[in-house]
Amino acid sequence: MTTRTSDTLSPNTPSPNTPGPGALNLDALNFDPQTGLIPVVTQDARSGAVLMQAYADRAAVERTLDTREATYYSRSRREQWVKGATSGHTQQVVDVQADCDADSLLYRVVQTGPACHTGAYSCYHQPLMPAQAPQAGLDGTLERVFATITERLATLPENSYVARLHAGGLDRVLKKISEESGEVLLAAKNHDRAELATEVADLLFHTLFAMAEVGVSPADVAAVLHEREGKTGLKGPKEAG
Ligand SMILES: [Zn+2]
């Protein structure tokens, strides 16, 4: 066992102002001594995508915590800046975390519209290298598809299938899920492997769409599955109730 060393990152002594065990207060944050700023990485709480990176001063962090509106400090304009104040593309803050040495913050937000001033969903859309081929199996694929659906729902590009589904309304998509389920059953019954893979892909896609519309993430589903994992007699949804 290692001896616990005292450092500035230890959780502060609980006081009426600290949100709970393990929580930091503003005094524990390491703002840059020269500029008084701390870098902020902003993440889409629904898709997990990184949306942007900016800076905040102490007042901006305070305002973010008080109002749950993502607030930053513009280094070029030298003033506080509330995301979406002029564009309407606001960020509702779900939570704020400091990193291990408290010199960087993560805002997790529900983004309205595109995060980037260019109209892109995320500021990070300029690849420097080709993306690696997707992994084998489903690992990560559902998350990537879900992130794309979330992006399309935020930006509603013309000619986008997701935008078309959204315009048609949730009920029509739910009917589609029911139809796709029937096609999965049929393909399995016929032992048609190619058809079954295609129909399961259709079913998963439309299910992910419904999840995005309702605000359930793949992580939420994974949490339920992991909770059931390793329990004797894996329960199906029917018996689980
Ligand atoms: Zn941008």
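Residues numbered from 1 in each chain as written. Predicted model: local features only at pLDDT ≥ 70, side-chain atom pairs only at ≥ 80, totals over all residues.

**Student:** Let's hear about the overall build of the chain: which residues, and what values?
**Tutor:** The helix and strand inventory of the chain stands at seven helices and six strands. In the chain, the succession of α and β elements from N to C terminus is β-β-α-β-β-β-β-α-α-α-α-α-α. Classification of the 241 residues of the chain by burial places 20% in the buried group. Put simply, of all contacts in the chain between residues at least 6 apart along the chain, 48% involve residues at least 24 apart. (Helix = DSSP H or I, 4+ residues; strand = E, 2+ residues; numbered from the N terminus. Buried ≥ 20, exposed ≤ 12 C-beta atoms within 10 Å, placed from the backbone. Contact = placed C-beta atoms within 7 Å.)

**Student:** Please set out the environment of L204 residue by residue, giving values where relevant.
**Tutor:** Mapping L204 onto the fold places it in helix α5 (residues 193–214). For the pair L204 and L142, spaced 62 residues apart in sequence, the C-alpha to C-alpha distance is 8.2 Å.

**Student:** Any details on helix α6 (residues 218–228)? Residues and values, ideally.
**Tutor:** With respect to burial, α6 is a largely exposed element, only one of its eleven residues being buried. In the segment just after α6, G230 is the residue with positive phi, at about 80 degrees.

**Student:** If you had to explain the sheet that holds strand β5 (residues 91–98) to someone new, which residues and values would you point to?
**Tutor:** Strand order in the open sheet formed by four strands is β2-β1-β6-β5, and the pairing between neighbours is mixed. Edge positions in the sheet fall to β2 (50–57) and β5, since each of these pairs with one other strand and no more. Strand-to-strand, the axes of this sheet are offset by a mean angle of 30 degrees, without reference to chain direction. Where strand β1 (residues 37–44) meets strand β6 (residues 105–111), five bridges bridge the pair, whose relative direction is parallel. The residue of β6 that forms the bridge with D44 is V109. Relative to the sheet, helix α1 (residues 58–67) contacts β2, β5 and β6, its axis offset from that of β2 by approximately 120 degrees. (Pairing = 2+ DSSP bridges. Axes fitted to C-alpha atoms, helices over the stretch in contact; angles between N-to-C directions.)

**Student:** Quick one: what's the story with the nonpolar core, residue by residue and with numbers?
**Tutor:** Within the largest apolar cluster, 28 residues are counted, with the highest numbers of intra-cluster contacts made by V40, A56, Y72, L105, Y107, I149 and F209. The residues contacting L105, other than those within four sequence positions of it, are I38, V40, A56, V61, V96, Q97 and A98. (Core = buried A, V, L, I, M, F, W, Y, C linked by C-beta atoms within 7 Å.)

**Student:** Please set out the pairing of β2 residue by residue, giving values where relevant.
**Tutor:** Where β1 and β2 come together, seven bridges link them in antiparallel fashion. Bridge pairing in β2 links Q43 to V50. The turn linking β1 back onto β2 is made up of five residues, and G48 within it adopts a positive phi angle of 85 degrees.

**Student:** Describe in detail the confidence of the model for the chain, supporting the description with residues and values.
**Tutor:** Per-residue pLDDT for the chain averages 85, and the proportion of residues at 70 or more is 85%. Looking across the chain, the model is least confident in helix α7 (residues 237–240), with a mean pLDDT of 51, and most confident in strand β3 (residues 71–74), with 98. For residues 1–19, every residue scores under 50 in pLDDT, and the model assigns this stretch 15 contacts once sequence neighbours within four places are set aside. (pLDDT = per-residue confidence, 0-100.)

**Student:** Any details on unusual backbone geometry? Residues and values, ideally.
**Tutor:** Located in the positive-phi region is A102, a residue other than glycine, with phi close to 60 degrees. Along the polypeptide, A102 turns up in the loop between β5 and β6. Residue H191 is not a glycine yet carries a positive backbone phi of 50 degrees. Relative to the helices and strands, H191 resides in the loop between α4 (170–189) and α5. A count of 8 C-beta atoms within 10 Å places H191 in the exposed class.

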